[in-house]
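# Tertiary structure, described
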Amino acid sequence: MNRISRTKSFVVILLLLVCNGLSFGVTYKIHPAIAGSQEEFETIANSLKPGDELILYGGTYSQTARRAVTAKGTADKPITIRAAEGQQPLLTHPEDAAARYNNIEFVDCEYLTIRAIRFKGGSSGVRFIRGHHIIFEDCQISHTLNNALTMNSGNCNAFIIRRNHIHHTGLSKRGSTEGEGMYIGGHDGSYITTNTLVEGNYIHHTRGTSIGGNDGIEIKFGSYGNIVRDNVIHDTNIGTKYPGIFVYGGGKGINIIEGNVIWNAGEGIQVISDAIIRNNIIFNCSATGITAAPHAAVPHVRNVKIVNNTIVNHPRGVVFRWEKAERMVFVNNAVYCPGSTAIDAAGIGGSTFSANYVTGRLLGATLNGSAFCDGGTIEAAFADPAEHDYWPGPGSVLIDHADSDFAAGQDFNHTARKPPYDVGAYESESKAANPGRRIKEGFKANQ
C-alpha cells in the first residue's frame, strides 16, 4: 500500500470513529492572565465537551466578577481541568472583589476531574452546586473569608475528594464568619451528599467567629454512604472551637469515619447517628475526644459503632448521652486521660460496651474488667506518648486484649488485624515500634 492509500485509510478510520461517538477530546492549554469580568479560563472551561482537557500553566489567574463553571463529561469520556505537570496555577480574585464572590463555583457538573490547582481567597473557596461523579484531587484551598469547600447548594453524589490541602479559612473581619474546611450537605437535610469518598486530605487552621463553626469536615443531616478516611486535621479551634469531624447521620445509610488523626480541635469527633467510627487517633482537644450525643438537627440517635480508636489527653475523653439511643456500640477503644475524665456517660444501659481500656475518671460508668478495664499508666500503654507515638509498646496492656467479635478488619496503618487482636487504633503484631508514619503535620503518608 502506498503512502497516499495509507493516509486515506487513516482518514476513513478516523471518520468511522467520530461517527461512532469515539472522537478524540480536544486539549486546551492556557497561561495566566489578569482579567475583568470574564477570563479565558472561565470561557474555555464552560465550552468543554466530553473527553476534553483544559491544562493551566503556572501563575495567577484573576478576574473581578463571579467565576462559575459548568462542565459535563460522560462516564466513558470525562472532562479534565488540571495543572500542567510541575506547574502551580493559582485562581483568585482581586482583594476588593474577594468578599463579594466565591473563588469558584462548579454548577451542575458531571464526570469532571479537577486536579492540582490552587484556589486562594474568595468568600467561600470552592463551591459545588449540585453534581455527580466529580474528582477533586491534589488541590489547595486557602485564605478564604468563610469556608473552604462547600457542597450545600444541591444534591451531590459520587464525589472523590482526596489529597487536598485546606488551610487558613474564615479570615473575614467584616462580621461573624464560619470557616469549615469541608461543609458537606445542607444543614436541614434538604440537600444531601451521598456515596462520596473524602480521603487523605490535610486540613488545618480553620477559623470561625459564629455559631456556624469551623469544623474540619462536617457531614450534615441526611447525607449517607460517605467515607471519610486517612485525613489529617488539626487546629480547628481558632476563634470558635469546633470538631475536627462532625457527622450527623439520619439518612438512609451509614457514614464511615476511619483512620483519621485529629488534634487541637474542640471535639475531635462528634457523632450522632448512623456511623462507624474506627481506627482514629485523637489527642489534645479542648473539649472532648469523641462526643456521642443527640443534636437538635437529628431526630433519632441510632446505629453508631465506635471501635478501635485511640483517644488521649482531653478534658473528657468520651461523652455519651444515649438515653433513648438504639443499637449503639463502644468496643476496643483506648481512652487515656490521666488527671482528667476519661468517660462521661449517661443512658448507656441498653448499649454494647466491651474491652475498652481507660485511664482517668469515670462518670456514669465503672471499671468492671469487661466493658471498661484498667488501662494502667499512659507511659506503659504507649511507645512514646510525649511525642504522640501511640503505638502499643512491648508489654502494653492493649496488646491481645480486644474483643474479637468487634475488631476492625484493618488498623490505622491499613494493616490487616489478626487474632488475638489489639485495643486501640494500631495492631502491633509483636512489633516493638510503629512501622508506619509518625504522627505529625502534613498528609498521612500511606496514601
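Residues numbered from 1 in each chain as written. Predicted model: local features only at pLDDT ≥ 70, side-chain atom pairs only at ≥ 80, totals over all residues. Heavy atoms only, no water.

Our next topic: the environment of Ala365. Along the chain, Ala365 falls in the loop between strand 35 (356–363) and strand 36 (372–374). When its relative accessible area of 14% is taken as the criterion, Ala365 is described as buried. Between the C-alpha atom of Ala365 and that of His401, which follows or precedes it by 36 residues, the distance is 20 Å. Ignoring sequence-local partners within four residues, the contact set of Ala365 consists of Ile343, Ile348 and Phe372. (Helix = DSSP H or I, 4+ residues; strand = E, 2+ residues; numbered from the N terminus. Buried < 20%, exposed > 50% of the residue type's maximum accessible area, 1.4 Å probe, protein only. Contact = heavy atoms within 4.5 Å.)

Mapped onto the secondary structure, Ile281 falls in strand 27 (residues 281–283). Look at Ile281 and you get buried, because its relative accessible area is 0%. For the pair Ile281 and Arg130, spaced 151 residues apart in the sequence, the C-alpha separation amounts to 33 Å. Ile281 has contacts with Asn260, Val261, Ile262, Thr310, Tyr390, Phe412, Ala425, Tyr426 and Ile439, leaving out every residue within four places of it along the chain.

Counting residues in hydrophobic clusters, the biggest one holds 81 residues, and the most contacted among them are Phe41 and Ile343. Those residues within four positions of Ile343 in sequence are excluded, and the remaining contacts are Val318, Phe320, Phe330, Val335, Val358, Arg361, Leu362, Leu363, Ala365 and Phe372. Ala334, Cys373, Tyr390 and Leu398 belong to the second-largest nonpolar core, a separate cluster that totals 24 residues. (Core = buried A, V, L, I, M, F, W, Y, C linked by side-chain atoms within 4.5 Å.)

Positionally, Thr240 belongs in the loop between strand 21 (238–239) and strand 22 (245–247). The exposure class assigned to Thr240 is buried, which follows from its relative accessible area of 17%. A polar atom in the side chain of Thr240 sits 2.8 Å from the side chain of Asn214. (Polar contact = N/O pair within 3.5 Å; in protein donor to acceptor, adjacent residues only side chain to side chain.)

Within a regular strand, the side chains alternate between the two sheet faces. Counted residue by residue, strand 17 (residues 202–208) has six buried out of seven residues, so it is predominantly covered. Across four bridges, strand 13 (residues 165–169) lies against strand 17 in parallel orientation. Residue pairing in the sheet places Ile166 in a bridge with Ile203 of strand 17. The pairing of strand 17 with strand 20 (residues 232–234) spans three bridges and is parallel. Bridge pairing in strand 20 links Ile203 to Ile233. For strand 17 and strand 21, the ladder comprises two bridges, and the chain directions are parallel. Bridge assignment links Arg207 to a residue of strand 21, and that residue is Ile238. (Pairing = 2+ DSSP bridges.)

Here we take up the layout of surface pockets. Its boundaries defined by the atoms lining it, the largest pocket holds a volume of some 260 Å³. Residue lining of the largest pocket: 15 residues in total, with Glu95, Ala98, Ala99, His143 and Leu145 positioned closest to the centre. Here the residues of the lining of the largest pocket are counted per class, giving five nonpolar, six polar and four charged. Space inside the second largest pocket adds up to approximately 220 Å³. Lining the second largest pocket are 16 residues, and of these Ala83, Gln87, Arg115, Ala116 and Asp138 lie nearest its centre. In terms of residue class, the lining of the second largest pocket is built from five nonpolar, five polar and six charged. (1 Å grid on protein atoms, 1.4 Å probe; cavity = no way out; pocket = protein on both sides within 12 Å on 5 of 7 lines; lining within 4 Å. Points joined across faces, edges and corners; volume = space filled by probe spheres on them. Nonpolar A, V, L, I, M, F, W, Y, C, P; charged D, E, K, R; others polar.)

With that settled, consider the packing of aromatic side chains. Under the counting rule described, the total for this entry stands at 18 aromatic pairs. With a centroid separation of 5.9 Å and an interplanar angle of 50°, the aromatic rings of Phe330 and Phe353 are classed as tilted. Taken as a pair, Phe330 in strand 32 (residues 326–331) and Phe353 in strand 34 (residues 352–354) lie far apart in primary sequence, 23 residues in all. Given the relative accessible area of 0%, Phe330 is considered buried. On the basis of relative accessibility, which here comes to 14%, the residue Phe353 falls in the buried class. Centre to centre, the rings of Phe353 and Phe372 are 5.5 Å apart; their planes meet at 40°, and the pair counts as tilted. (Phe/Tyr/Trp six-rings, centres within 6.5 Å; stacked < 30°, edge-to-face > 60°.)

In short, shape yes, function no, at least from these values alone.
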